[in-house]
Amino acid sequence: MGTLFLCATPIGNLEDITLRVLRTLREVDVIAAEDTRQTVKLLNHFGIKKPLVSYHEHNKYQKTPVLVKELLEGKNIALVTDAGTPAISDPGAELALAAYEKGIPVTSLPGASAVVTALTLSGLPTRNFAFEGFLPRDKKERKEVLERVRNTTYTTVFYEAPHRLVKTLGFVADVVQGGRKIAVCKELTKKHENVMQCTLAEAIEFFNTHEPKGEFVFVLEGADADEIGREERKEWENVPIEEHMRLYTSDGMSRKEAMKIVAKERGMGKNELYRALINLDKGKAGV
């Protein structure tokens, strides 16, 4: 059987293509491309002539079994997207999974990726990060994503089209504090590459008066852990301690384990919580 090659292509600067990807594109039997018109330009630039088939978001479920059949028949296939690494906010994951299920070898040829490029340029912490890509259009799904972002300490990377950038930044600001740092990256690896480091509120103010043009990736600072803790503790302020304890003991948890959790959630020391519970018991007994 053949092999499926997931090939990363440049996100702007053509010099970012790897020698391994170029060799593979010359050697495979077929190249599956997100947009054959874009891929032809890339192939022509490097003097590569190979059969092309389209494989994109709107035909992937129909084309996946066709490509899997060709792989089983012994053809080697390279999958490329318009720019960047396949399966990162682009088609690819479904085809790779289908190939694995049939025992077909799959390999990924690393290269350009807007996620990593923007993250390294952002000046924000990179030890822990999350990638959200494009925010969902569905209001309920979008709210769930943004609530997750609001409560994570991880740096988060987003993609957005220029005509939706202002609206998307507004959605984020509705849930996340405007004082959070943000890096808005434009035209990565291209001639007019630009990174604007500011606060979320400042970014919204800027793009309300400067029309966004080009390809955008924005990187958002994670939440402050202490701030998250304060918000969580505030939620428990109006809940009586006894009721808070019953939330856990009623499910069979031991009183000792429940006390550990309650103390942490209320921002109390374990001894402080113990004394509070003793005082409540004394009050009930009329002591």
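Up top is the structure.
Only a predicted model underlies this, so the values are computations on that prediction, with no experimental measurement involved.

Asks: Outline the nonpolar core, supporting the account with residue identities and numerical values.
Replies: Judged by nonpolar contacts, the single largest core of 20 residues is most densely connected at L169, V172, I182, V184 and F218. Mapped by element, the contributors of at least two residues to this core are α6 (139-150), α7 (165-175), β8 (181-186), β9 (194-199), α8 (200-209) and β10 (216-220). No other element matches α8, which puts four residues into this core. Among residues more than four places away in sequence, those in contact with I182 are L169, M196, Q197, C198, T199, L200, A203, F218, V219 and L220. Judged by nonpolar contacts, the second largest core, of 16 residues, contains L6, A98, A99 and V106.

Asks: Mind laying out unusual backbone geometry, listing which residues take part and the relevant values?
Replies: Although it is not a glycine, A87 adopts a positive phi angle of roughly 85°. Within the secondary structure, A87 is located in the loop between β4 (77-80) and α4 (93-101). Under the relative-accessibility criterion, A87 is labelled partly exposed at 33%. With a phi close to 55°, S89 is a non-glycine residue in the positive phi region.

Asks: I'd love a proper account of the pairing of strand β7 (residues 155-160), names of residues and values included.
Replies: In terms of burial, β7 is a largely internal element, six of the six residues being buried. Burial along β7 is two-sided: the residues T155, V157 and Y159 and T156, F158 and E160 are all buried. Sheet topology note: the strand β6 (residues 129-133)/β7 ladder contains four bridges and is parallel. Each bridged residue has a counterpart across the sheet, and for F131 the counterpart in β7 is V157. Sheet analysis places β7 next to β10, joined by five bridges and oriented antiparallel. Counterpart to T156 in the pairing with β10 is L220.

The rules we used
Residues numbered from 1 in each chain as written. Predicted model: local features only at pLDDT ≥ 70, side-chain atom pairs only at ≥ 80, totals over all residues. Heavy atoms only, no water. Core = buried A, V, L, I, M, F, W, Y, C linked by side-chain atoms within 4.5 Å. Buried < 20%, exposed > 50% of the residue type's maximum accessible area, 1.4 Å probe, protein only. Helix = DSSP H or I, 4+ residues; strand = E, 2+ residues; numbered from the N terminus. Contact = heavy atoms within 4.5 Å. Pairing = 2+ DSSP bridges.

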